[in-house]
Structures are given as C-alpha cells and as structure tokens.
Amino acid sequence: MFGFHKPKMYRSIEGCCICRAKSSSSRFTDSKRYEKDFQSCFGLHETRSGDICNACVLLVKRWKKLPAGSKKNWNHVVDARAGPSLKTTLKPKKVKTLSGNRIKSNQISKLQKEFKRHITSQMTAQTQRWLLVLTEHQFFPF
C-alpha cells in the first residue's frame, strides 16, 4: 500500500548547506533541486551541496518570485547558524586583575554579617531556626 519514501529528517549531521543549522522544526531535504539558484539567491561565490533546511528552501522560493532585475539576496543567512567561529574560540579572554581592588578579610566578614542580617530579617522564625542549625553543623558557610 505504501511505497518506500525517504523519511522526514529533522536533524542533519553536517547541518544545512546554506545556514549551517543542524536541527529544525521542519524537515531537511536534498539540495540538488535548488543548487542552481544558490549563487543568485544567497550571493555565494562557491558551490554548496548537501542537506538544506526548509527555511532556506522557502527563501529560494521567495527569491524566484521576485520581479526581474531585483538585486535582493539573502546573503546574511549564509552560515548564520554555524556557531562560534574558530577565531573567537581560540582568542584568549581578558581577565581583570584585582590588584587595586583587593578586599581585606575583615571587610569580607563584615559583608557576610551584613548579608546574614539582611537575609534573616526577611525570614520566618522556622527558617531562622533551620539556618541556626545548619550553621552550627557547618552545612552553611556563614
């Protein structure tokens, strides 16, 4: 009754050949049917093939309906879902030094006491009792 058909695929290992999305709420299809339009639609300078997500298919279909001579393209979509680039993942993060802003241990204990006072003023009596029990048994760092 039912012939063999390609199952609907909602995830792609390599991702969409245009936007690089690896999962989609709609299915991925083979890009062969749309490849001839990629350069004009997405402003690509190289050929791409593989799976294409339904969102990019719809962009190709919308591009085909544009009036003749239109310069509009969707090049901002190309590799938009690829994730962080190698350049940003290898760049070391700047770390702020605390050389001039060091807090002394007595300042820390003052802040802890003030914080505890602020917290306990907003608690119920039972919660305060639990906090006392936990601090006595050193389950709580105050």
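What counts as what
- Residues numbered from 1 in each chain as written.
- Predicted model: local features only at pLDDT ≥ 70, side-chain atom pairs only at ≥ 80, totals over all residues.
- Heavy atoms only, no water.
- Helix = DSSP H or I, 4+ residues; strand = E, 2+ residues; numbered from the N terminus.
- Buried < 20%, exposed > 50% of the residue type's maximum accessible area, 1.4 Å probe, protein only.
- Contact = heavy atoms within 4.5 Å.
- Areas by Shrake-Rupley, 256 points an atom, 1.4 Å probe, with all protein chains shown as cover.
- Arc of directions from axis to C-beta.
- Core = buried A, V, L, I, M, F, W, Y, C linked by side-chain atoms within 4.5 Å.
- Phe/Tyr/Trp six-rings, centres within 6.5 Å; stacked < 30°, edge-to-face > 60°.

Under an unreviewed UniProt entry, the name given to the protein is SIN3-HDAC complex associated factor, and the organism recorded is Aotus nancymaae.

A. How the structure looks around the overall build of the protein. The helix and strand inventory of the protein stands at five helices and three strands. Buried residues in the protein amount to 21% of all 142 residues. The long-range fraction of contacts in the protein, counting pairs at least 24 apart against all pairs at least 6 apart in sequence, stands at 45%. Total accessible area on the protein stands at roughly 12200 Å², and carbon and sulfur atoms take up 56% of it.

B. Examining the side chain of D37 more closely. Mapped onto the elements, D37 comes out in the loop between β2 (23–30) and α1 (38–42). With residues up to four places along the chain from it excluded, the contact list for D37 reads V60, W63 and K64.

C. Spotlight on helix α2 (residues 54–64). Buried within α2 we find C56, V57, L59, V60 and W63. Looking straight down α2, one finds that the buried residues subtend no more than 160° of arc, so they occupy a single side. Contacts made by the buried residues of α2 are with β2, α1 and β3 (51–53).

D. Highlighting the nonpolar core. Counting 21 residues, the largest nonpolar core has C16, I18, F38, F42, I52 and C56 as the members making the most contacts within it. Among the elements of the structure, α1, β3 and α2 are those that each provide at least two residues to this core. For this core, the element with the highest residue contribution is α2, accounting for five residues.

E. Structural view of the packing of aromatic side chains. Throughout the structure, instances matching the rule amount to one aromatic pair. With 6.0 Å between their ring centres and 65° between their planes, F38 and F42 make a pair best called edge-to-face. Separated by four residues within a single helix, F38 and F42 lie in helix α1, roughly one turn from each other. No difference in accessibility class separates F38 from F42, as the two residues are buried.

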